[in-house]
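A look at the structure
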Amino acid sequence: MDAVVESPLVMLDRAGYRLTGPRRAVADLIASRQGHFTAAELVGDAAMRRLGIARATIFRTIEVFEGVGAIERIDLPSGDHAYIACEPAAHHHHVVCARCGRATDVDDAGLAGVVGRIATETGYQIDAHRLELFGLCPTCQADGATASSS
Ligand SMILES: [Zn+2]
Ligand SMILES: [Zn+2]
Ligand SMILES: [Zn+2]
């Protein structure tokens, strides 16, 4: 294993998907996004660039990318779903800025122990978990983000 980050297109190719024009275009849109994005935002990007890709195609393409692990879905506190492009590395979690949407990968950092204890206490064999942390990133804190709830 080397440290080269695989592009979403490489992952698609390996999974047996054809690298169609729309898939390449959506990969491009994702690459130019900072932080997390929603399907609707990608549709907006595509319209702004006049890519001429149908909304349904973008939604389907996002699902394909998610299916091969090139992007991950996160559930925002608002109840919306967003996606982030991230390295298809080992199991990890995300700390997400609620203001600018930047996401940082974090490892399990002791969580494995907690999960093990829960397994022991409940008698379940625990196979999977999801954890997302939300707050303000250092940049947004420095910007003097106020606690106003407007
Ligand atoms: Zn990640
Ligand atoms: Zn931020
Ligand atoms: Zn974990």
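The structure under discussion appears in the preceding block.
Here is what the cut-offs are and how they apply
Residues numbered from 1 in each chain as written. Chains lettered and ligands numbered in written order. Predicted model: local features only at pLDDT ≥ 70, side-chain atom pairs only at ≥ 80, totals over all residues. Heavy atoms only, no water. Buried < 20%, exposed > 50% of the residue type's maximum accessible area, 1.4 Å probe, protein only. Helix = DSSP H or I, 4+ residues; strand = E, 2+ residues; numbered from the N terminus. Contact = heavy atoms within 4.5 Å. Polar contact = N/O pair within 3.5 Å; in protein donor to acceptor, adjacent residues only side chain to side chain. Pairing = 2+ DSSP bridges. Donors = N, O, S within 2.8 Å, 3.2 Å for Na, K, Ca; no water. Tetrahedral: all angles 85-135°; square planar, octahedral: opposite > 155°, others 65-115°. Core = buried A, V, L, I, M, F, W, Y, C linked by side-chain atoms within 4.5 Å.

Residues of helix α2 (residues 21-31) that are buried include every one of Arg23, Ala25, Val26, Ala27, Leu29 and Ile30, and no others. Elements in contact with the buried residues of α2: α1 (8-14), α3 (39-48), α4 (55-67), β1 (71-75) and β2 (81-85).

This part is about the side chain of Glu132. For Glu132, the location among the structural elements is in strand β5 (residues 132-135). Here Asp75 takes part through its backbone nitrogen, which lies 3.2 Å from a polar atom of the side chain of Glu132. Side chain to side chain, Glu132 and Arg130 meet in a polar contact 3.3 Å long.

With that settled, consider the pairing of strand β4 (residues 103-106). Bridging between strand β3 (residues 93-97) and β4 involves four bridges; their strand directions are antiparallel. Following the sheet pairing, Val95 is matched in β4 by Thr104. Where β3 folds back onto β4 in an antiparallel hairpin, the turn is made up of five residues, including Gly101, whose phi is positive at roughly 85°.

A separate point is the coordination of the zinc ion (ligand 2). Every protein donor of the zinc ion (ligand 2) is accounted for by Cys97 (SG), Cys100 (SG), Cys137 (SG) and Cys140 (SG), and the metal-donor separations fall at 2.2 to 2.3 Å. Coordination at the zinc ion (ligand 2) is tetrahedral, judged from the four donor atoms that bind it and the angles of 104 to 113° they form at the metal. On the primary sequence, the residues serving as donors to the zinc ion (ligand 2) are separated as C-x2-C-x36-C-x2-C. Remark: Cys137 occurs in the loop between β5 and α6 (138-142) and Cys97 occurs in strand β3; sequence separation between them is 40 residues. Take Cys97: its relative accessible area is 2%, and that puts it in the buried class.

With that out of the way, let us pick up the nonpolar core. Ranked by internal contacts, the top residues of the largest apolar core, which has 21 residues, are Ile30, Leu42, Ile58, Ile62, Phe65 and Ile71. Of all elements in the fold, only α1, α2, α3 and α4 reach the threshold of two or more residues within this core. Counting residues per element, this core draws most heavily on α2, which supplies five residues. The residues contacting Leu42, other than those within four sequence positions of it, are Val26, Leu29, Ile30, Arg33, Phe37, Ile58 and Ile62.

Geometric values such as these leave the question of function open.
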